[in-house]
Amino acid sequence: MAELVQRYLNLIRDEHAGVTDGALATYIPELADVDPNGFGLSLSLSDGYVYESGDATVEFTIQSISKPFTYALALDQIGQDAVDARIGVEPSGEAFNEISVDAAKKTPKNPMINAGAIAAVSLVPGATPDERFARIREFYSACAGRPLDIDPAVYASEKKTGSRNRAIAYMLQSFGVLDGDPDEVLDVYFRQCSFKVTSTDLARMAATLARMAATLARGGVNPMTGRRVTDTVVVQRTLAVMVTCGMYDAAGDWASAVGMPAKSGVGGGIVAVLPGQLGIGVYSPLLDDKGNSVAGSACAGACPNG
Ligand code: GLU
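Residues numbered from 1 in each chain as written. Predicted model: local features only at pLDDT ≥ 70, side-chain atom pairs only at ≥ 80, totals over all residues. Heavy atoms only, no water.

*Asks:* Where do I start with the packing of aromatic side chains in this structure?
*Replies:* How two aromatic rings sit relative to each other is set out by the distance from centre to centre and by the angle between their planes. Applying the stated criterion across every chain yields a total of 7 aromatic pairs. For the ring pair Phe133 and Phe195, a centre distance of 5.4 Å and an interplane angle of 15 degrees mean the geometry is stacked. Of this pair, Phe133 sits in helix α6 (residues 129-144) while Phe195 sits in the loop between α9 (182-193) and β4 (196-197); the two residues are 62 residues apart in sequence, bridging distant segments of the chain. Accessibility expressed as a relative area gives 9% for Phe133, which makes it buried. In textbook terms, an aromatic cluster arises when at least three aromatic residues are bridged by ring pairs, as seen for Phe69, Phe133, Tyr140 and Phe195. Here the guanidinium or amino end of Arg191 rests over the ring plane of Phe133, the centre of that ring lying 4.7 Å away. The positively charged end of Lys263 is found above the aromatic ring belonging to Tyr248, 4.3 Å away from the centroid. (Phe/Tyr/Trp six-rings, centres within 6.5 Å; stacked < 30°, edge-to-face > 60°. Helix = DSSP H or I, 4+ residues; strand = E, 2+ residues; numbered from the N terminus. Buried < 20%, exposed > 50% of the residue type's maximum accessible area, 1.4 Å probe, protein only. Lys NZ or Arg CZ within 6 Å of the ring centre and 35° of its normal.)

*Asks:* Which parts of the structure should I look at to understand the site of the ligand?
*Replies:* The full set of residues close to the ligand is Tyr27, Gln63, Ser64, Phe96, Asn114, Glu158, Asn165, Tyr189, Cys193, Tyr248, Gly265 and Val266. For the ligand, an oxygen atom lies 2.7 Å from a polar atom in the side chain of Tyr189. Here an oxygen atom of the ligand sits 2.5 Å away from a polar atom, N or O, in the side chain of Tyr248. Expressed as a share of its isolated accessible area of 300 Å², the protein-covered part of the ligand is 95%. Considering only residue class, the shell around the ligand consists of 6 nonpolar, 5 polar and 1 charged. (Near = heavy atom within 4 Å. Polar contact = N/O pair within 3.5 Å; in protein donor to acceptor, adjacent residues only side chain to side chain. Areas by Shrake-Rupley, 256 points an atom, 1.4 Å probe, with all protein chains shown as cover. Nonpolar A, V, L, I, M, F, W, Y, C, P; charged D, E, K, R; others polar.)

*Asks:* Honestly, the pairing of strand β2 (residues 50-54) in this entry has me stumped. Any pointers?
*Replies:* If a strand is regular, its side chains alternate between the two faces of the sheet. As judged from the 5 bridges shared by strand β1 (residues 40-45) and β2, these two strands associate in the antiparallel manner. By the bridge assignment, Leu43 is partnered in β2 with Tyr51. Linking two consecutive strands that pair antiparallel, namely β1 and β2, is a turn of 4 residues; a positive phi of about 100 degrees is found at Gly48 within it. (Pairing = 2+ DSSP bridges.)

*Asks:* Help me out: how do you make sense of the environment of Lys159 in this one?
*Replies:* Within the secondary structure, Lys159 is located in helix α7 (residues 152-160). Looking at Lys159, the relative accessible area reads 35%, which means it is partly exposed. Discounting chain neighbours no more than four positions away, the residues touching Lys159 are Arg166, Asp187 and Phe190. In terms of polar contacts, Lys159 uses its side chain to reach the side chain of Asp187, at 2.5 Å. (Contact = heavy atoms within 4.5 Å.)

*Asks:* How do you make sense of the nonpolar core when you look at a structure like this?
*Replies:* Formed by 60 residues in total, the largest nonpolar core has its most connected members in Ile118, Tyr140, Leu172 and Met205. Of all elements in the fold, only α3 (66-78), α5 (114-123), α6, α8 (163-174), α9, α10 (199-214), α11 (232-245) and β6 (269-274) reach the threshold of two or more residues within this core. The residues touching Ile118, leaving out its near neighbours within four places in the chain, are Asn165, Ile168, Ala169, Leu172, Leu178, Val185, Leu186 and Tyr189. Counting residues in hydrophobic clusters, the runner-up holds 18 residues, among them Met247, Met260, Ala295 and Ala300. (Core = buried A, V, L, I, M, F, W, Y, C linked by side-chain atoms within 4.5 Å.)

*Asks:* Looking at this structure, I do not really get helix α13 (residues 294-302). What am I missing?
*Replies:* For α13, the set of buried residues is Ala295, Gly296, Ser297, Cys299, Ala300 and Gly301. Next to the buried residues of α13 lie α1 (2-16), β1, α12 (251-257), β6 and β7 (278-283). Where α13 starts, the residue carrying a side-chain oxygen 3.0 Å from the main-chain nitrogen of Gly296 turns out to be Ser293.

*Asks:* Looking at this structure, how should I read the packing of α8 against α9?
*Replies:* Between two packed helices, what matters for the description is the angle formed by their axes and the separation of those axes. Two elements in contact, α8 and α9, have axes whose closest approach is 9 Å; the angle formed by their N-to-C orientations is 135 degrees. By the angle between their axes, α8 is oblique relative to α9. Crossing angle aside, the handedness with which α8 passes α9 is right-handed. Residue-level contacts link Asn165, Arg166, Ala169, Tyr170 and Gln173 of α8 to Pro182, Asp183, Leu186, Tyr189 and Phe190 of α9. In the contact of α8 with α9, the residues fall into 6 nonpolar, 2 polar and 2 charged. (Axes fitted to C-alpha atoms, helices over the stretch in contact; angles between N-to-C directions. Parallel < 35°, antiparallel > 145°, perpendicular 65-115°, else oblique. Left-handed = near helix turned anticlockwise from the far one by under 90°.)

Below, the structure is given as structure tokens:
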């Protein structure tokens, strides 16, 4: 069986390895400089068994794939009602970095766009930015099953070029949505976008969610370490917003074609969860015009159908 799965994974990878469509993200030099041919595909079963194909050990930055994890952490730490008071769950139909809030409630429309993600960072408890970041790092690492670190150059670039995010954070502050100083919250947001992960880390993080979604009685347990990470309710909500809002402006296409809760990032990664079954992590940095990895979307979509 294991051999069959491995062969199938290699087959999917080979099928899409020649993809040259799409373009690298260029808004910071570090993303524009990566090898466009990097291509890793990983699958983690909910019992922790991992299959890898291609560049599964190449590190890239997590970018927006951080968003569902910080949202889950905020839900876990302060509860759904408190989070819902600050962040909605409706698809925005706008660009991920739109400077906008829900017209009536004046809160971010969902946690998968920057406004909601920045608000989610501010809801993670912490007396200082370092404390808040330490909690985020601890949570991500627990999901991945290894300590994750940031790429300092990407972090510095995100911070240097982050005017749009600054505009969003100050807008949120003006509406009373942000808990904390906008620049301090943003500093943590820039750091969380800069975590270095591999496709296998993403697959393991997804498998943690996959397992949590199925183990109602036991709550969330990392399949590799056996450590409890968070509650099932938290995971169900997180997966729901991944389904409706996780793939930028292609979320509807993705939901109808693939259907799995997923999140992509401009670093070229995609994380996808098959609840109760497995987690998928893909890395291929050439992005389509919506910001989703071209080969990654094709592979992640093909994986659970095997
Ligand atoms: N660091 C990026 C930003 O906040 C994340 C981009 C992305 O992956 O969507 O603009």
